[in-house]
Amino acid sequence: KAGVTQTPRYLIKTRGQQVTLSCSPISGHRSVSWYQQTPGQGLQFLFEYFSETQRNKGNFPGRFSGRQFSNSRSEMNVSTLELGDSALYLCASSLEIGTGSYGYTFGSGTRLTVV
Amino acid sequence: GQQVMQIPQYQHVQEGEDFTTYCNSSTTLSNIQWYKQRPGGHPVFLIQLVKSGEVKKQKRLTFQFGEAKKNSSLHITATQTTDVGTYFCAGPIYTGTASKLTFGTGTRLQVTL
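Each chain carries its own residue numbering, running from 1 in the direction its sequence is written. Numbering of ligands from 1 and lettering of chains from A proceed in the order in which they are written. Owing to the predicted nature of the model, reporting of local features is limited to residues with pLDDT of at least 70; listing and counting of side-chain atom pairs is limited to 80 or more, with chain, interface and lining totals taken over all residues. The basis for every side-chain value is the complete set of heavy atoms in the structure, and neither hydrogens nor water enter the calculation.

## Re the pairing of strand β6 (residues 55-58) of chain B
Residue and element names in this part refer to chain B. The pairing of β6 with strand β7 (residues 61-65) spans four bridges and is antiparallel. Residue Val55 lies in a different strand from β7, and its bridge partner there is Gln64. Following DSSP output, two strands are said to pair if at least two bridges run between them. Think of it this way: any DSSP run of H or I at least four residues long counts as a helix, any run of E at least two long counts as a strand, and we number them from the N terminus. Taking the residues that link successive antiparallel strands as the turn, the β6-β7 hairpin has two residues, and the phi of Lys59 there is positive, at about 55°.

Shown next as structure tokens:
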């Protein structure tokens, strides 16, 4: 079966711009989580969606937002980009929310560079 | 806040040597998961442990969940260059509204011939 698909793979944006990243989970998975990965901070939880509802949110400013559609596809948006937003953004899908009892399947990520 | 820490941060071994990474949580976990991320890649799920004191093996990899369900370890016997990557543990931590899968700080393994 197809894995988790994230688009685009690479993105270069200018400070102050906004960006939208997309994630298509594995078919049948209704939970989608987003993580930010940087060399210094590791994998930081952004938010989790299940059945089109945000179920949990990490400690990120309001510039970071997301949504989930009825087909479980998810998007995350970052507005007013800052240099510190440069990171690998990873999407993970799973059968259950929160506990990840069946393990998370990650996409290849979107590498965002803010200049 | 509630955290999941791993030690060491980095280890460099010669091929054939053993390797162990340790994971410690500030809170009791219902389960612990392990992931491997190859350089330039994304985390890949390896295994989940649920029971106190549980030990699972995958070929040369041995995973252990502590009795108090607050710590875990991953041991690799006779490392190979294919073991290179960063190993993360992860556990669900309740944040007051829901649980979130919280990842450890990771241990980067370098293996040389």
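## Looking at the interface of chain A and chain B
Taken together, the contact pairs 19 residues of chain A with 18 residues of chain B. Accessible area that two parts lose when put together, with a 1.4 Å probe and added across both, is what the buried area reports. Carbon and sulfur atoms make up 53% of the area that chain A and chain B hide from each other, which totals about 1,500 Å². Salt bridge, as applied in this entry: a Lys or Arg side-chain nitrogen positioned within 4 Å of an Asp or Glu carboxyl oxygen. For the pair chain A and chain B, the number of links is zero salt bridges. Mapped onto the side of chain A that touches chain B, the elements with two or more residues apiece are β4 (31-38), β5 (42-50), β6 (53-57) and β9 (87-94) of chain A. In terms of residue count, the dominant contributor to the side of chain A that touches chain B is β5(A) (three residues). Under the grouping applied here, Gly and all other residues not named as nonpolar or charged are polar, the nonpolar ones being Ala, Val, Leu, Ile, Met, Phe, Trp, Tyr, Cys and Pro and the charged ones Asp, Glu, Lys and Arg. Of the residues contributing to the side of chain A that touches chain B, the split by class is eight nonpolar, nine polar and two charged. In what follows, residue pairs with any heavy atoms lying within 4.5 Å of each other are defined as contacts.

## A word on the state of the cysteines
All names here are of chain B. Defined by distance alone, a disulfide is two cysteine sulfur atoms within 2.5 Å. Considering all chains together, one arrives at two disulfides over all chains under this definition. Here Cys23 engages in a disulfide with Cys89; their sulfurs sit 2.0 Å apart. The chirality of the disulfide connecting Cys23 with Cys89 is right-handed, given an S-S dihedral of about 80°. Linking Cys23 in strand β3 (residues 19-25) with Cys89 in strand β9 (residues 85-94), this pair joins segments that are 66 residues apart in sequence.

## Remarks on the environment of B:Gly16
Residue and element names in this part refer to chain B. Mapped onto the elements, Gly16 comes out in the loop between β2 (10-14) and β3. When a residue's accessible area, from a 1.4 Å probe over protein chains only, is under 20% of the maximum for its type it is buried; when over 50% it is exposed; and in between it is partly exposed. When its relative accessible area of 42% is taken as the criterion, Gly16 is described as partly exposed. Between the C-alpha atoms of Gly16 and Pro43, which are 27 residues apart in sequence, the distance is 24 Å. In contact with Gly16, not counting residues within four places along its chain, are Ala78 and Thr79.

## Some points on the sheet that holds strand β1 (residues 5-7) of chain A
Residue and element names in this part refer to chain A. The strand order across the open sheet formed by four strands is β1-β3-β8-β7, and the pairing between neighbours is antiparallel. In the strand order of this sheet, the two ends are held by β1 and β7 (64-68), each with one partner. On average, each strand axis in the sheet is inclined to that of its neighbour by 15°, with strand direction left out of account. Bridge count between strand β3 (residues 19-24) and strand β8 (residues 74-78): five bridges; the pairing is antiparallel. Across the sheet, residue Thr20 finds its bridge partner in β8, namely Asn77. Between N-to-C directions, angles span 0 to 180 degrees; the directions come from axes that are lines fitted to C-alpha atoms, helices contributing only their stretch in contact.

## Looking at the sheet that holds β6(B)
Residue and element names in this part refer to chain B. Sheet architecture is open: five strands sit in the order β1-β3-β8-β7-β6, paired in antiparallel fashion. Looking at strand neighbours, the two that pair on one side only are β1 (4-7) and β6, the edges of this open sheet. Pairwise comparison of adjacent strand axes, ignoring direction, gives a mean angle of 15° for this sheet. Looking at chain direction, β3 and strand β8 (residues 71-76) are connected through six bridges and run antiparallel. Paired with Phe19 across the two strands is Ile76, which belongs to β8.

## Focus: unusual backbone geometry
Residue A:Pro8 follows A:Thr7 across a cis peptide bond; omega there is -10°. In the segment running from B:Ile7 into B:Pro8, the intervening peptide bond is cis, with an omega of -5°. Tracing the chain through its elements places B:Pro8 in the loop between β1 and β2. Even without a glycine there, the phi angle at A:Glu52 is positive, about 70°. You can see A:Glu52 is positioned in the loop between β5 and β6.

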